[in-house]
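Working through the structure, step by step
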Amino acid sequence: MTISREDVLRVAELAHLELTPEEAELYRGQLDEILNYIGKLQQLDVTNVEPMTQMSSQTVAASGEPRPGAESDLREDTLLPCHIADAVLEQAPDAVKPFFRVPRVIER
Amino acid sequence: MSAGGPWTIASIQTSLRTKKISAREITTEFYADIDRRNPSLNAYLALSRDRAFAQADRVDVATACGEKLGPLAGVPIAVKDVINTAGVRTTCGSKILETYVPPYDATAVARLEKAGAIILGKTNCDEFAMGSSNENSAYGPVRNPAALDRVPGGSSGGSAAAVAAGLAVAALGTDTGGSIRQPGACCGIPAMMPTYGRVSRYGLIAFASSLDRIGPFARNIADATAVMSVIAGHDENDATSAAVSVPDYAAEIEPPVAELRIGVPEEYFGQGIDAEVKDKVLAGIALLEKLGCRRVPLKMPHTEYAIATYYIIATAEASSNLARYDGVRYGLRVPGSTLIEMYRKTRERGFGAEVKRRLMLGTYALSSGYYDAYYLRAQKVRALIARDFSEAFEKVDAIVTPTTPTPAFKLGEKTSDPLQMYLADIYTVTGSLSGIPGISVPCGETRGQLPIGMQILGPRFSESRVLQLARAFEKAGGFTI
């Protein structure tokens, strides 16, 4: 697997990163090397292996293997008072209570 | 320092009870040492003096009133800067959170303070806990107290260095692929990664949610055990924390270890291991055998796929978790004429090189056309790695390996080669992927006096047994073997 400069720029766009041309070239080489290393996973036969998608003890047996079909044990979804809006907005780069303010999203 | 050497939790508690020293005096002493030594180590990023002295005074009032003291009363503790502390700046070692002051405490921090601990400050780390050397911090690298030209390991390098240098009695770190155990080994102190779900992560700023864990650094096993006893347990604010009762660790670690079966997987002693590390860890295993443990050779055939698996899963999860840093709600904002431009400029300036590299790798692994080949396949290989462990634990009670393939490397030695840096975690990522607990304990030094670490891994929720072996090893002189 080789990763092209176009791939790097496309991935950067998806990740909302803006790369300089020098960064794009540096990352292309490094990601290429890492992806080549990761390619060793293709050697393994994984047919009939269930992916390990959950780590919680409720969904994984004590042995460490996934319990197929098990769901997380979630608490009741009950409303509780939570008066933290002011404290949260204090951290915002630009807030007009009770909102975060951002640049225009929709062009008219 | 107390008369008998560095402070321990036990010596602090005795000195407080007998009124030989006050919590305020202990705190003052630690800050004096930090002021003197932190400029060369760079282990702390922020000090929480007001909060620490307020807590020390509460402990002193309680002592004066003859109240029963908490299990960590007056114990100075450092907290890795990815764990939220209300009112104390929490940066994750990143420019993007340079100004962030959390409005709430992580559960682990709240539990420490409730037990009487004094939170001294926040420790340096690789940016968003991504790194194995602490060189990815936006606030400069930490230096290893054992050798100032060497890295302390990462990502919890500041916590490890602070405890090793005596600038905290214990510290909280986080482990995603080795970030507690590896710096513990590099700095020569015990360092524990608990079972996934054993310690609440409420208030831990997420890197990779199926891997992240909070755990302690200390200078001896009794102290690590005392911290574990306080921070372990279910928390309804963390849906991934386990509703599994916490045993009396302090009582369970004392029985002799004779007859315990310890597995030694051959894959952890092969190509790439430093000869001195191998010799010392084998000597450590021989010492456990002398204590009556039975050594069982193991094969764990999927070990060699662990780094590749880890770097897909961890980066994929990070690419999702770190999407929240967009300049809208907290931290850095770089203005842009549109929302998207603001996101891009903010993230470009706010994130360092390793974080960007991992976000791109993770985004790539999850992107359309590559998901099955990378992410889904990695999750399947993860199941195979976990199966290696579950099969091994049918034959053995614990597994003993080196923590790292080499002792601490020099600053700058691996920064230009990300893949070589990733391979520093080769013996620790397996336990991370499998959700099991593990501890790194000191196991002698190289001829050049660099610390060596030995790793003890156990089945899920076997913290008692892992600590019991560590304690027996410590008592038998294994730390200085």
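Our structure's up above, just so we're on the same page.
In what follows, the accompanying structure is described. (Residues numbered from 1 in each chain as written. Chains lettered and ligands numbered in written order. Predicted model: local features only at pLDDT ≥ 70, side-chain atom pairs only at ≥ 80, totals over all residues.)

This part takes up the overall build of chain A. For chain A, the count of helices and strands is three helices and two strands. The buried share among the 108 residues of chain A stands at 19%. (Helix = DSSP H or I, 4+ residues; strand = E, 2+ residues; numbered from the N terminus. Buried ≥ 20, exposed ≤ 12 C-beta atoms within 10 Å, placed from the backbone.)

Moving on, we get to the pairing of strand E10 (residues 438-445) of chain B. Every regular strand shows the same layout, with side chains that alternate between the two sheet faces. Residue and element names in this part refer to chain B. A large share of E10 lies buried, amounting to seven of its eight residues. Across three bridges, strand E5 (residues 191-193) lies against E10 in antiparallel orientation. Counterpart to Met193 in the pairing with E10 is Gly438. From the end of E10 to the start of strand E11 (residues 451-457), which pair antiparallel, there are five residues, and Gln449 there has a positive phi angle of about 65 degrees. (Pairing = 2+ DSSP bridges.)

In this structure, the amide linkage connecting Lys97(A) to the following residue, Pro98(A), adopts the cis form with an omega of 5 degrees. Here Pro98(A) lies in the loop between strand E1 (95-96) and strand E2 (99-100). Gly154(B) connects to Ser155(B) through a cis peptide bond whose omega is 5 degrees. Examined against the element boundaries, Ser155(B) turns out to sit in the loop between strand E3 (118-123) and helix H5 (157-164). Here His16(A), not a glycine, exhibits a phi torsion of approximately 55 degrees, which is positive. Mapped onto the elements of the fold, His16(A) is located in the loop between helix H1 (5-14) and helix H2 (21-38). A count of 21 C-beta atoms within 10 Å places His16(A) in the buried class. Of note in the backbone geometry, Lys19(B) takes a positive phi value of approximately 60 degrees without being a glycine. With respect to the helices and strands, the residue Lys19(B) is situated in the loop between helix H1 (9-17) and helix H2 (23-41). For Lys19(B), a count of 10 C-beta atoms within 10 Å translates into the label exposed.

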